[in-house]
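These are the residues of each chain, in order.
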Amino acid sequence: MTPAYASPAPVSPALARKLHREITTWYDDAQRDLPWRRPDCSPWGVLVSEIMLQQTPVVRVLPRWSEWMSRWPGPADLARAPVADVLRAWDSLGYPRRALRLQAAARAIVDQHDGRVPADHGTLLDLPGIGAYTAAAVAVFAFGDRQTVIDTNIRRVHARAVTGTALPGKTLTAAQTRLADQLMPRDRELSVRWNQAVMELGALVCTARSPKCGECPVATDCAWLAAGSPPPVDSPTGQRWHGTDRQVRGAVMAVLRSAQSAVPEEWLTVAREVNMPPGSDPGVDRPLEKLLALEAPEDQRRRAVDGLVSDGLAVRTAAGLTLP
DNA sequence: AACTCGTGGGC
DNA sequence: TGCCCAAGAGT
């Protein structure tokens, strides 16, 4: 009986060892000098970087991470910070509830783990905002554990080099997890470098668009290249961004971050012809104009505001909306 | 399993 | 310009 699910062809130990050698050797020279990779970076610094890097490019994270770490060097520092300060420090990194969850994780670390970042994968998984990827990443990069790290870069490298497809698809499959496990070096220290190296290869060379196959250390092993670099099978187009609740939420959050005082809710929900607010609150004018310029009806704006309130990203007061 | 949740840069 | 993408998590 053939199982109903597709099982990946096993990777020969010889090929696996060749990939380990070629990619980790490449990494020794090519790796970027990122602050959260330095030996003196604390586990907390690694955790903060991993949360910020969720769906957010490295170049945008770098300055925010540095400010964040000098302001809140440890979990206890962040745990006692005002939420509004946290959301303003998050700035425009996007997905601001990550900032809320990071602070919730800091409080859990203080309350339940004596103020120290847990080293155990399962314990990390229980913290808010930490899923399978981030738990593995912290266990590996902060504590040198042997865990299989699977992010979008690693999935793409595996898809091309081993499976022979251009892109891995949107969701992580069980077959991809099995393949990643198969490819993991048995040796703990090598496995740590392997995780780092494959991720870096995906970020710098084996990129989603215009991969630099001429610079790839495993070009001669690559199943996708050998197959003639077939184009990706087109995936269903996702939701448009223009005119969505998300766009409105983002614009409202930008107003609240820049506001010195509560913002009347009508300013945030009116669709057109607003009496532009008096310039008494310098800084809000620009984000307020951007919000107003969006093509979104009032009911959508109200829905977006309600969503922010129910997510704890904003609070209603008598004077209007503010950060928590 | 399919959706939601921000933001800005590249092509 | 419009679309795709970036060290995902939670529901």
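Because the structure is a prediction, the values reported are computed rather than measured.

### Considerations on the protein's contact with DNA strand C
Next up, step 1: Near DNA strand C you find 26 residues, and of these E50, L53, G129, T134 and R156 are the closest.
Next up, step 2: Taken together, the sugar and phosphate atoms account for 68% of what DNA strand C places within 4 Å of the protein.
Next up, step 3: The separation between a base nitrogen of DNA strand C and a polar side-chain atom of W36 is 2.9 Å.
Next up, step 4: Take R209: an N or O atom from its side chain is 3.2 Å from a base oxygen of DNA strand C.
Next up, step 5: Within the residue set of the surface near DNA strand C, elements represented by two or more residues are α8 (132-141), α9 (152-163) and α11 (188-204).

### Focus: the protein's contact with DNA strand B
Next up, step 1: In the vicinity of DNA strand B there are 17 residues, among which R60, P96, R246, R249 and G250 approach most closely.
Next up, step 2: Expressed as a percentage, the sugar and phosphate content of the atoms of DNA strand B within 4 Å of the protein is 55%.
Next up, step 3: R97 places a side-chain nitrogen or oxygen 3.0 Å from a sugar or linking oxygen of DNA strand B.
Next up, step 4: R249 is positioned with one of its side-chain polar atoms (N or O) 2.3 Å from a phosphate oxygen of DNA strand B.
Next up, step 5: Of the residues forming the surface near DNA strand B, the biggest block, five residues, is contributed by helix α13 (residues 245-258).

### Points about the environment of A226
Next up, step 1: If you trace the backbone, A226 turns up in helix α12 (residues 223-226).
Next up, step 2: With a relative accessible area of 70%, A226 lands in the exposed category.
Next up, step 3: When the C-alpha atoms of A226 and G164 are compared, they prove to be 8.0 Å apart, with 62 residues separating the residues in sequence.

### Quick look at the nonpolar core
Next up, step 1: Counting 83 residues, the largest nonpolar core has W44, W68, L102, L268 and L291 as the members making the most contacts within it.
Next up, step 2: With residues near it in sequence (within four places) discarded, L102 still touches W44, L47, V48, I51, W68, L78 and W90.

### Notes on the packing of aromatic side chains
Next up, step 1: Taken as a whole, this structure holds three aromatic pairs when the rule is applied.
Next up, step 2: An angle of 70 degrees between the planes, with centres 5.6 Å apart, marks the rings of W36 and W65 as edge-to-face. Here W65 lies in helix α3 (residues 58-71) and W36 lies in the loop between α1 (13-30) and α2 (43-52), a separation of 29 residues in the sequence. As far as the burial class goes, W36 and W65 line up, both buried.
Next up, step 3: Just above the ring of W224 sits the side chain of R160; from NZ or CZ to the centre is 4.8 Å.

### Digging into the side chain of Q103
Next up, step 1: Turning to its location among the elements, Q103 is positioned in helix α6 (residues 97-112).
Next up, step 2: In this structure the side chain of Q103 is engaged in a polar contact, spanning 3.0 Å, whose partner is the backbone oxygen of L78.
Next up, step 3: Excluding residues that lie within four positions of it along the chain, Q103 makes contacts with L78, A79, A81, V83 and V86.

### Points about the confidence of the model for chain A
Next up, step 1: For chain A, the mean per-residue pLDDT works out to 94, and 94% of the residues sit at or above 70.
Next up, step 2: The low-confidence segment residues 1-5 (pLDDT under 50) makes one contact with residues lying over four places distant or belonging to another chain.

### Some thoughts on the state of the cysteines
Next up, step 1: Across all of its chains, the model carries zero disulfides by this definition.
Next up, step 2: For C213, which is in no disulfide, the shortest distance to another cysteine sulfur is to C222 and amounts to 6.4 Å.
Next up, step 3: On the basis of relative accessibility, which here comes to 27%, the residue C213 falls in the partly exposed class.

### Structural notes on the environment of Y133
Next up, step 1: Tracing the sequence through the fold places Y133 in helix α8.
Next up, step 2: Taking the C-alpha atoms as reference points, Y133 and T152, 19 residues apart in sequence, are found 9.8 Å from one another.
Next up, step 3: Not counting the four nearest positions on each side in its chain, Y133 is found in contact with E50, F141, V149, I150, D151 and M199.
Next up, step 4: Only 2.7 Å separates the side chain of Y133 from the side chain of E50, close enough to count as a polar contact.

### Observations regarding α1
Next up, step 1: The terminal C-alpha atoms of α1 lie 25 Å apart, and with 18 residues this matches the ideal 26 Å at 1.5 Å per residue to within 8%.
Next up, step 2: When we look at burial in α1, the residues that qualify are A16, L19, H20, E22, I23, T24, W26 and Y27.

### Some points on the UniProt feature "domain: HhH-GPD" (unreviewed entry) in chain A
Next up, step 1: Cross-referencing UniProt, the feature "domain: HhH-GPD" (unreviewed entry) maps to residues 52-204 in the present numbering.
Next up, step 2: Annotation note: span residues 52-204, helix share 64%, strand share 0%, distance between end C-alpha atoms 19 Å.

### Points about the domain arrangement of chain A
Interfaces are frequently sized by the accessible area removed from exposure as the parts join.
Next up, step 1: One can read the domain layout of chain A as domain 1 (13-32 + 148-226), domain 2 (43-141) and domain 3 (245-322).
Next up, step 2: Relative to domain 2, the C-alpha centre of domain 1 lies at a distance of 26 Å.
Next up, step 3: Facing nine residues of domain 1, the contacting portion of domain 2 comprises six residues.
Next up, step 4: Joining domain 1 to domain 2, the criterion identifies zero salt bridges.
Next up, step 5: Looking at the side of domain 1 that touches domain 2, its residues break down into four nonpolar, three polar and two charged.

Procedures and definitions
- Residues numbered from 1 in each chain as written.
- Chains lettered and ligands numbered in written order.
- Predicted model: local features only at pLDDT ≥ 70, side-chain atom pairs only at ≥ 80, totals over all residues.
- Heavy atoms only, no water.
- Near = heavy atom within 4 Å.
- Polar contact = N/O pair within 3.5 Å; in protein donor to acceptor, adjacent residues only side chain to side chain.
- Helix = DSSP H or I, 4+ residues; strand = E, 2+ residues; numbered from the N terminus.
- Buried < 20%, exposed > 50% of the residue type's maximum accessible area, 1.4 Å probe, protein only.
- Core = buried A, V, L, I, M, F, W, Y, C linked by side-chain atoms within 4.5 Å.
- Contact = heavy atoms within 4.5 Å.
- Phe/Tyr/Trp six-rings, centres within 6.5 Å; stacked < 30°, edge-to-face > 60°.
- Lys NZ or Arg CZ within 6 Å of the ring centre and 35° of its normal.
- pLDDT = per-residue confidence, 0-100.
- Disulfide = S-S within 2.5 Å.
- Expected span 1.5 Å × (residues − 1).
- UniProt positions renumbered as here; feature names shortened; annotations may be inferred.
- Domains from an automatic or database assignment.
- Salt bridge = Lys/Arg side-chain N within 4 Å of Asp/Glu carboxyl O.
- Nonpolar A, V, L, I, M, F, W, Y, C, P; charged D, E, K, R; others polar.

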